[in-house]
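Reading the structure
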Amino acid sequence: MDRVSAFDEPLKKLLGGATAKVMAEHLDLHTVGDLLHHYPRRYEERGQLTALADLPLDEHVTVVAQVADARIMVFNNGRGKRLEVTLTDGSGRLQLVFFGHGVHKPHKELLPGRRAMFAGKVSVFNRKMQLAHPTYQLLDTADADEATEAVDAFAGRLLPIYPACKQLDSWRIAKAVDTVLPSARDAVDPLPLPLREGRGFTPLPEALLKIHRPQTKADIADARDRLKWDEAFVMQVALARRRYADTQLPAVARRRGHGGLLDAFDAKLPFTLTEGQEKVSKEIFDDLATEHPMHRLLQGEVGSGKTMVALRAMLAVVDAGGQAAMLAPTEVLAQQHHRSITEMMGELAEGGMLGGSDLGTKVVLLTGSMGMAARRQALLDLVTGEAGIVIGTHALIEDKVQFHDLGLVVVDEQHRFGVEQRDALRSKGKQPPHLLVMTATPIPRTVAMTVFGDLETSVLDQLPAGRSPIASHVVPAKDKPHFLSRAWERVREEVGNGHQAYVVCPRIGDDADDEAEKKNRKRAAEKAAEEDGEKRPPLAVLEIAEQLTKGALAGLRIEVLHGRMNPDDKDDVMRRFAAGQVDVLVATTVIEVGVNVPNATAMVIMDADRFGVSQLHQLRGRVGRGSAAGLCLLVSEAHEASPARARLSAVAATLDGFELSRIDLEQRREGDVLGQAQSGVRTSLRVLSVIDDEEVIAAAREEAVTIVAADPDLARLPELRTALAALLDKEREEYLDKG
């Protein structure tokens, strides 16, 4: 068997069809290589017991514990039997329960004093933690053949506990690993020899043996250090190659001119730009002046003035004879951007129109729901070059849309756009246009280096002068209902002082929840899973609006806004809210990004625990945009000691988005950051932590840049090419493109 194919061997050849099927369906493990890269989650030490007191509810766990007592209980007048076993480990107790015919074997084996490994799903019954019908393996007996190997492994001090599933326990995975472990000798080492020797890394075959069957804790540390580097390095090489390929593309240089549209715009600004805006603008202008396409990520706090920076970049491109397109994720946001940009530009946005400036250009809106006449005119303005700036949704990418000379694409909230859409818009230019990606979700540096690693990054971390502070408070609606009453009184007070308010709900509340809504609700519900198993449906816009109209906010002008309204109705509501004709807007998260109403000072977020940290931070950024202070009330029924409440308290405690993004990252599973939640693909990161391994990622990035600059095709590094192909299959490649 050659060196590559040993890792490509299908598991069913070695483990049998049934086990291989479970591994494929439930753990996404298909080949020997997949299983060898399925590393233990943790290790049990002989004599060290898992803390039963800390077991997570509703998760599949493996524990090592001692039987304290076992008793058969009879019910249904003797017709039913159940075996109740109590486990202890010094930190807490755990109940096991077996029913019916399943009681006989455990009744004979699980005697007081016995030690065993148990696996099952943790649930609560009669306020006690329990495992119903767990699988188990005895650890202190030599007379059962099946247990001998486990005893040996246990006597070997470090017992690997693998990420498992209901259908396949950790120790069965361990047995499967034993079967394929000899193939570790055939591992193709992706790290170039000089790098490996220079950093003193363990060879890959040895690292795989040490992570699966360590003799000491030093073995584990040694293996993890090596395997982390593989993951960081291979990913950074992929990103460095993408950046290198981008620098090889041709683009029209759009050098900043003087005495044109941009200078006229700057001259009429009623304020001075912040230092941060000046610095980031210079980075962008420098990129635009080069003959390969800019690929830059602009991240900044809510309200830090990203739109202003993007607009100045667009004006510079128009001055240089090109056109600029801004792509927004929703029609509401596209309309909002169009409104705010035309207001900021004034007569400069009326090029060719009566009363427009001689220096001006046309700024057109293009969305899917526009009337035919308006749409036809917008398309004509684009193809003739009459319109220098177009703002729209993904309708901009349709085949019919042709540009005269597309020079710059600005994408707002990048995570909502796929690579296909980005490429389709790029292909509208005679040569690839420059690309500026904006996000208001602060991204920790490690995630930026990993997820957005093919983009250069600019950060706006100063708020413009005149932005008001926002006070945030958690409102525990279940424990203290009078706090919620007070929240509605505060809304009335704000409206009484001439201001306006938002009320945000997780759900629309009609029967036709579309797929995206269902996914969002599912994600939010998973985030908010409470210890007491609270299963109430999320609160809905239509229901809450009706309750408030008849109750706590009766007499105020209340309107609703959600994603399934007719686009004209949405725009009408937003216009009237912006004009002060609506007191309270009850909305879904359609207002999350970009909506700018300086007179709105209060926000009440219902079921706030159903939203993520970054989303709450985004929503909160809609208030305090004018001269009056903002107020954000996070209403929750979550229990005081729950993780959901801890999350809300963190949001209430700081307005620093970067600090919140770090907290968010620590509270979420790593896979959510780099795996299924964003790509729908299993994450390739297994030991690398985007939270703790910043130094590893930064060092791997440097090495990758050096290697790719010297050998872009990796012609002299076939092993690295092989590893790249294995790690970055087509789906992962697309995911990196999507960011």
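Details of the structure are given in the entry above.
In what follows, the accompanying structure is described. What you see is a predicted model, and the numbers here were worked out from it, not measured in a lab.

Some thoughts on the overall build of the chain
Within the chain one finds 29 helices and 21 strands. Expressed as a percentage of its 739 residues, the buried residues of the chain come to 53%. Within the structure as shown, the chain displays about 32,500 Å² of accessible surface, and the carbon and sulfur contribution to it stands at 51%.

Section: the side chain of S636
Tracing the sequence through the fold places S636 in strand β21 (residues 630-636). Each residue touching S636, except ones within four places of it in the same chain, is listed here: V475, P476, A477, K478, D609, R645 and L648.

Here's the deal with the sheet that holds β21
The pairing of strands in a sheet comes from backbone hydrogen bonds and takes either a parallel or an antiparallel form. With parallel pairing, six strands are arranged side by side in an open sheet as β16-β21-β20-β17-β19-β18. With partners counted over all chains shown, the strands left at the sheet margins are β16 (470-476) and β18 (558-561), one partner each. With direction set aside, neighbouring strand axes in the sheet form an average angle of 20°. Here five bridges tie strand β17 (residues 500-504) to strand β20 (residues 600-605), and the two strands are oriented parallel to one another. The residue of β20 that forms the bridge with V503 is V604. Strands in contact with helix α22 (residues 613-620) are β16, β17, β20 and β21; relative to β20, the strand with the most contacts, it is inclined by about 150°.

Quick notes on the nonpolar core
M314, M345, I389 and L408 are the most contacted members of the largest nonpolar core, which totals 39 residues. Ranked by residue count, the leading element in this core is helix α13 (residues 306-319), at ten residues. Contacts of L408, omitting those with residues within four sequence positions, involve L288, M294, A313, M314, V317, Q323, A324, A325, P433, H434, L435 and L436. Core analysis: the second largest hydrophobic core is formed by 32 residues, M23, L36, Y43 and A207 among them.

Some details on the sheet that holds strand β14 (residues 434-439)
Strand order in the open sheet formed by seven strands is β11-β12-β10-β13-β14-β9-β15, with parallel pairing between adjacent strands. In this open sheet, the two edge strands, each paired with only one partner strand, are β11 (362-366) and β15 (456-460). Strand-to-strand twist across the sheet, computed as the mean angle between neighbouring axes with direction ignored, equals 20°. Of the strand pairs in this sheet, strand β9 (residues 295-300) and β14 are connected by five bridges, and their pairing is parallel. When the sheet's bridge partners are listed, Q299 is paired in β14 with T439.

Notes on the packing of helix α14 (residues 331-345) against helix α21 (residues 567-578)
At a minimum axis distance of 10 Å, the contact between α14 and α21 shows a crossing angle of 50°. The angle between α14 and α21 falls in the class oblique. Relative to α21, the crossing made by α14 is right-handed. Packed against α14, whose contacting residues are E331, V332, Q335, Q336 and R339, the element α21 presents P567, K570, D571, M574 and R575 at the interface. Its residues assigned to classes, the contact of α14 with α21 comprises three nonpolar, two polar and five charged.

Quick word on the environment of L239
By the secondary structure assignment, L239 is in helix α10 (residues 217-248). When its relative accessible area of 0% is taken as the criterion, L239 is described as buried. Expressed as a C-alpha distance, the spacing of L239 and A704, which sit 465 residues apart in the sequence, is 8.6 Å.

Parameters at a glance
Residues numbered from 1 in each chain as written. Predicted model: local features only at pLDDT ≥ 70, side-chain atom pairs only at ≥ 80, totals over all residues. Heavy atoms only, no water. Helix = DSSP H or I, 4+ residues; strand = E, 2+ residues; numbered from the N terminus. Buried < 20%, exposed > 50% of the residue type's maximum accessible area, 1.4 Å probe, protein only. Areas by Shrake-Rupley, 256 points an atom, 1.4 Å probe, with all protein chains shown as cover. Contact = heavy atoms within 4.5 Å. Pairing = 2+ DSSP bridges. Axes fitted to C-alpha atoms, helices over the stretch in contact; angles between N-to-C directions. Core = buried A, V, L, I, M, F, W, Y, C linked by side-chain atoms within 4.5 Å. Parallel < 35°, antiparallel > 145°, perpendicular 65-115°, else oblique. Left-handed = near helix turned anticlockwise from the far one by under 90°. Nonpolar A, V, L, I, M, F, W, Y, C, P; charged D, E, K, R; others polar.

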